[in-house]
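# Close look at the chain arrangement
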Amino acid sequence: MTALTILMYSCDVDESIIKSMMQGACDEFKKVGCSLVGGHTVDDSEVKLGFSITGIIKDGKIFKNVGLRVGDKLIYTKPLGIGILSTAIKGELATEDDIKNVNDVMLLSNYKASKLLRKYDVSACTDITGFGLGGHLLEMAKGSNRSIIVDVKSINLINNTLEYAKMGIIPAGAYHNKQFSIFDYEYKADDQDLEIVMFDPQTSGGLIISVSSDDAEDLLMDLKDSGYNEAKVIGEVVAKIEKNFLLFK
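Residues numbered from 1 in each chain as written. Predicted model: local features only at pLDDT ≥ 70, side-chain atom pairs only at ≥ 80, totals over all residues. Heavy atoms only, no water.

## Here's the deal with the nonpolar core
Considering soluble globular proteins, one finds that nonpolar side chains tend to be buried as a cluster. Ranked by size, the top nonpolar core spans 43 residues in total, and within it Leu133, Leu137, Met198, Ile208 and Phe248 carry the most contacts. Of the residues forming this core, the biggest block, five residues, is contributed by helix H5 (residues 132-144). The contacts of Ile208, once residues within four sequence positions are left out, are Leu74, Ile75, Tyr76, Ala124, Cys125, Thr126, Ile128, Leu133, Leu137, Met140 and Ile234. Counting residues in hydrophobic clusters, the runner-up holds 16 residues, among them Cys125, Val211, Ala216 and Leu220. (Core = buried A, V, L, I, M, F, W, Y, C linked by side-chain atoms within 4.5 Å. Buried < 20%, exposed > 50% of the residue type's maximum accessible area, 1.4 Å probe, protein only. Helix = DSSP H or I, 4+ residues; strand = E, 2+ residues; numbered from the N terminus. Contact = heavy atoms within 4.5 Å.)

Below is the structure:
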């Protein structure tokens, strides 16, 4: 319903840049019926922009990031690689196509997906952000006392994500996420270069939806019809595996 700005910036930054950032945010808020009602600004050497959002749950359906059921399928609504592509952009290695591709992914709102999933038998949901896919899945698995098996080959990547990863163009956060999770997951997939991508921090990432196996295909088709063209079933929930909450295969 409402948003409050949290803007940190330096007065050395051109006014037009700040204006375009705020206008872009207001354009997105308008699409979902949210009003910008004020906020706070702080002088800082590095530009940071965020918002504190208030909403109302009208139908009583609350989806938490815990509550996974054995047998549920896991759908992810976007391709991975936002952190790696952003690092390539900062290093001035990315092509114009790379920049467009990562922008398109970040600008794909989770709003429609959050509406669609309410029609289905969903047990848990969360967005994938700074902890990466692996970090957020681990959080879901631990909180539910279940294990998750991820089919690494089924996960869509933004074009050139793997190529940049092989070059070592990887954000520091990915290594931190991997290290934090190291004792609770096992990686058995053949492609070792994909392991670090599983922990790539995502800015404006997609939703992970844990849905009953009976509803998974219908929800997936519904998501694709609504513009989430790269949504995929990427794994399933199983009973707790003795040593690992998360298994990449």
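The discussion continues.
## Quick notes on the sheet that holds strand S10 (residues 246-248)
A sheet is described by the order of its strands in space; here seven strands give the open sequence S5-S8-S4-S9-S6-S10-S7, paired in mixed fashion. Where the open sheet ends on each side, the last strands, each with one partner, are strand S5 (122-127) and strand S7 (185-187). Between one strand axis and the next, the sheet turns through 20° on average, direction left out of account. Bridge count for strand S4 (residues 73-76) against strand S9 (residues 232-239) is four bridges, and the pairing is antiparallel. Bridge assignment links Ile75 to a residue of S9, and that residue is Val233. (Pairing = 2+ DSSP bridges. Axes fitted to C-alpha atoms, helices over the stretch in contact; angles between N-to-C directions.)

So yeah, pure geometry; function would need other evidence.
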